[in-house]
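Here are the chains, one letter per residue:
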Amino acid sequence: MKICAKSSAEVEKTMSREEVFERLNEVFRDVFDDEGITVTDATTADDIEDWDSLEHINLLAAVEQEFGMKFNMGQVVSMKNVGEMADIIISQTA
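The following refers to the structure shown.

**Here we look at the overall build of the protein chain**
Secondary structure assignment for the protein chain yields five helices and zero strands. N-terminal to C-terminal, the α/β element order of the protein chain is α-α-α-α-α. Considering the protein chain as a whole, with its 94 residues, one finds that 33% of them fall into the buried category. Sequence separation of 24 or more characterises 53% of the internal contacts of the protein chain that already satisfy a separation of 6 or more. Of the roughly 6,100 Å² of accessible surface on the protein chain, a fraction of 51% belongs to carbon and sulfur atoms.

**Observations concerning a negative patch on the surface**
Judged by side-chain charge, D30, D33, D34, E35, E49, D50 and D52 come together as a negatively charged surface patch. Tracing the backbone through its elements, the reader meets D33 in the loop between helix 2 (17–32) and helix 3 (53–67). By relative accessible area, D33 is classed as exposed at 72%.

Reading the values: the criteria
- Residues numbered from 1 in each chain as written.
- Predicted model: local features only at pLDDT ≥ 70, side-chain atom pairs only at ≥ 80, totals over all residues.
- Heavy atoms only, no water.
- Helix = DSSP H or I, 4+ residues; strand = E, 2+ residues; numbered from the N terminus.
- Buried < 20%, exposed > 50% of the residue type's maximum accessible area, 1.4 Å probe, protein only.
- Contact = heavy atoms within 4.5 Å.
- Areas by Shrake-Rupley, 256 points an atom, 1.4 Å probe, with all protein chains shown as cover.
- Patch = residues over 30% accessible without salt bridge, like charges linked within 9 Å, V, L, I, M, F, W, Y side chains within 5 Å.
- Salt bridge = Lys/Arg side-chain N within 4 Å of Asp/Glu carboxyl O.
- Lys, Arg positive; Asp, Glu negative; His and termini not counted.
- Charge placed at Lys NZ, Arg CZ, Asp CG, Glu CD.

Honestly, it's all geometry; don't read function into it.
Dropping the structure here:
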């Protein structure tokens, strides 16, 4: 018997913006060890107490792992908020 399963790339293609934010919330909660975090399009490092440059690196690595993608340097330096991060994730996983 052959079992057919969607590849992670196929699953990612059907992911809605809401689903991206659900997964981002989990990543942020894990990285910052704070179950109270809920990110929005407008969330920035100024909104999360422990989000410093070191945690930014940890966050990016965790997001890349969660979504099975990699940010390039241009994307990293251009991101101004979580909404822009979500846009990049959606564009790379579509």
